[in-house]
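Chain and residue survey
Take a look at the letters that make up each chain.
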Amino acid sequence: MCGIIGYYSDNSTNAGNIIIEGLKKMEYRGYDSWGFAIKTGKEIVVKKNVGSISEVKEGSNTKCKQAIGHTRWATHGKVTKQNAHPHSSCNNNICVVHNGIIENYHDLKKNLEEKNYVFKSQTDTEVIPLLIDYYYKNSKNFTESIKKASEDLKGSYAFIAMCSDFDGLVGIKKGAPLLIGHGKGEYFITSDVVAFVEYTKDVTYLDDNEMVIIG
Ligand code: GLU
């Protein structure tokens, strides 16, 4: 179990700090490491570390429209900075936070390594951004690539992805919670309503195999 959050605003704001505040409210879901990614223009900047999110003073004062974040409870791979989420594709243009377990990650990892993908962590999660990247290279369609990648995944998961070439966030779930908070010109995708309840009470709960696209 861990906590994931995505934030998207119609206007530039301190998305990094909103993410950190949301993660602190979900800390009960995972507390061995934390991380977040903010996107400004086409650039995705990732910050992560081991330790408790409660010790993190602030996310980022960079104004931006979108960010994703994670508090980890390690299931695959030790508690290290490298294994903390978000996990990124090799060229850093696709970035993912994940809650759950990818049961067939060994097979997927082997297949991707045969296609010359290089893994940087010991997590099951890292197959997700690399698999999305594999499909994205052919189709150049981010949402379609996520759909295709999720069809290859066995296990339970909820994940949120962003891409340097896509203005928005995409979330998808199977067997793990994922819900959407609809605010005024701002949207949240999270594991738990506590992360955004002070911003909005307008909530949509996703069903298994449903995907949300915000942006
Ligand atoms: N399986 C992932 C990991 O170990 C996510 C763990 C979780 O959901 O807490 O990094």
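Please refer to the structure higher up on the page.
Residues numbered from 1 in each chain as written. Predicted model: local features only at pLDDT ≥ 70, side-chain atom pairs only at ≥ 80, totals over all residues. Heavy atoms only, no water.

With respect to the site of the ligand
Worth spelling out the cut-off: Any residue with at least one heavy atom within 4 Å of a molecule or strand is counted as near it. For the purposes of these results, a polar contact is taken to be a pair of N or O atoms within 3.5 Å, where, inside protein, one atom must be able to donate a hydrogen and its partner to accept one; residues adjacent in sequence count only when each atom of the pair is a side-chain atom. Here the accessible surface of atoms and residues is derived via Shrake-Rupley with a 1.4 Å probe, and residues count as covered only by protein chains that are part of the display. Residues are sorted three ways: Asp, Glu, Lys and Arg are charged, Ala, Val, Leu, Ile, Met, Phe, Trp, Tyr, Cys and Pro are nonpolar, and all the rest, Gly among them, are polar.
As a matter of local geometry, the ligand sits amid 14 residues, with Arg72, Trp73, Thr75, His85 and Asp124 nearest to it. Residue Arg72 places a side-chain N or O atom 2.7 Å away from an oxygen atom belonging to the ligand. In this structure, an oxygen atom belonging to the ligand sits 2.8 Å away from a side-chain N or O atom of His85. Protein burial of the ligand: of its 300 Å² of free accessible surface, 100% is covered by the chains. Taken together, the residues of the shell around the ligand sort by class into 4 nonpolar, 8 polar and 2 charged.

What to know about unusual backbone geometry
Worth spelling out the cut-off: Numbering of helices and strands runs from the N terminus; a helix is a DSSP stretch of H or I covering at least four residues, while a strand is a stretch of E covering at least two.
Going from His85 to Pro86, the amide bond is cis rather than trans, its omega being 0 degrees. If you trace the backbone, Pro86 turns up in the loop between β4 (64–72) and β5 (87–88). For Asn116, which is not glycine, the phi torsion reads 75 degrees and is therefore positive. With respect to the secondary-structure elements, Asn116 resides in the loop between α2 (105–114) and α3 (127–139).

Details of the nonpolar core
Applicable threshold: Think of a nonpolar core as a cluster: buried Ala, Val, Leu, Ile, Met, Phe, Trp, Tyr and Cys residues, connected wherever their side-chain atoms sit within 4.5 Å. Type-normalised accessible area, obtained with a 1.4 Å probe on protein chains alone, sets the label of each residue: buried when under 20%, exposed when over 50%, and partly exposed for intermediate values.
Val127, Ile132, Phe142, Leu153 and Phe159 are the most contacted members of the largest nonpolar core, which has 25 residues in total. Counting only elements with at least two residues in this core, the list comes to β6 (94–102), α2, α3, α4 (142–152), β7 (155–163) and β8 (169–174). When residues of this core are assigned to their parent elements, the largest contribution, 7 residues, is made by α3.

Observations concerning the sheet that holds strand β1 (residues 3–13)
Put simply, the test is: A pair of strands is treated as paired once DSSP finds two or more bridges between them. Lines fitted to C-alpha atoms define the axes, with helix axes restricted to the stretch in contact, and inter-axis angles between N-to-C directions lie between 0 and 180 degrees.
The 7 strands are arranged β3-β2-β4-β1-β10-β9-β11 in an open sheet whose pairing can be described as antiparallel. Each edge of the open sheet is held by one strand with a lone partner, namely β3 (43–50) and β11 (203–205). Here the average twist between neighbouring strands, direction ignored, is 15 degrees. Where β1 and strand β10 (residues 186–190) come together, 5 bridges link them in antiparallel fashion. The residue bridging Tyr7 from the neighbouring strand is Phe188, located in β10.

Quick look at the packing of α2 against α3
This is how the line gets drawn: These descriptions rest on fixed angle ranges, namely under 35 degrees for roughly parallel, over 145 for roughly antiparallel, 65 to 115 for roughly perpendicular, and the rest for oblique. Rotating anticlockwise by less than a right angle from the far helix to the near helix defines a left-handed crossing, while the corresponding clockwise rotation defines a right-handed one. In what follows, residue pairs with any heavy atoms lying within 4.5 Å of each other are defined as contacts.
Running from N to C, α2 and α3 cross one another at 45 degrees; their axes reach a closest spacing of 10 Å. The orientation of α2 relative to α3 falls into the category oblique. Where α2 crosses over α3, the handedness of that crossing is left-handed. Across from Tyr105, Leu108, Lys109 and Leu112 in α2, the residues of α3 making contact are Val127, Leu130, Leu131 and Tyr134.

Structural notes on the packing of aromatic side chains
For the record, the criterion: A pair of Phe, Tyr and Trp rings is counted when the ring centres sit within 6.5 Å of each other, with Trp represented by its six-membered ring. The angle between the planes then sorts it: under 30 degrees is stacked, over 60 is edge-to-face, the rest tilted. Placement of a positive charge over a ring is assigned whenever Lys NZ or Arg CZ falls within 6 Å of the ring centre and within 35 degrees of the normal to the ring plane.
The tally for this structure, following the rule as stated, stands at 9 aromatic pairs. For the pair Trp34 and Phe36, a centre-to-centre distance of 6.3 Å together with 15 degrees between the ring planes defines the contact as stacked. Judged on exposure class, the residue Trp34 and its partner Phe36 are both buried. The rings of Tyr7, Phe188, Phe196 and Tyr199 are connected pair by pair, giving a single aromatic cluster. Stacked on the ring of Phe119, the Lys or Arg Lys109 has its end atom at 5.0 Å from the ring centre. The residue whose ring lies beneath Lys115 is Tyr134, and the NZ or CZ to ring-centre distance is 5.1 Å.

What about the sheet that holds β5?
Sheet strands associate in pairs through backbone hydrogen bonding, adopting either a parallel or an antiparallel arrangement. Pairing is antiparallel across the open sheet formed by 5 strands, whose spatial order is β5-β6-β7-β8-β12. In this open sheet, the two edge strands, each paired with only one partner strand, are β5 and β12 (211–214). Bridging between β7 and β8 involves 4 bridges; their strand directions are antiparallel. Paired with Ala158 across the bridge in β8 is Lys173. Contacting β5, β6 and β7, α3 runs over the sheet at an angle of about 130 degrees to β6.

Shape descriptors only; they carry no functional weight alone.
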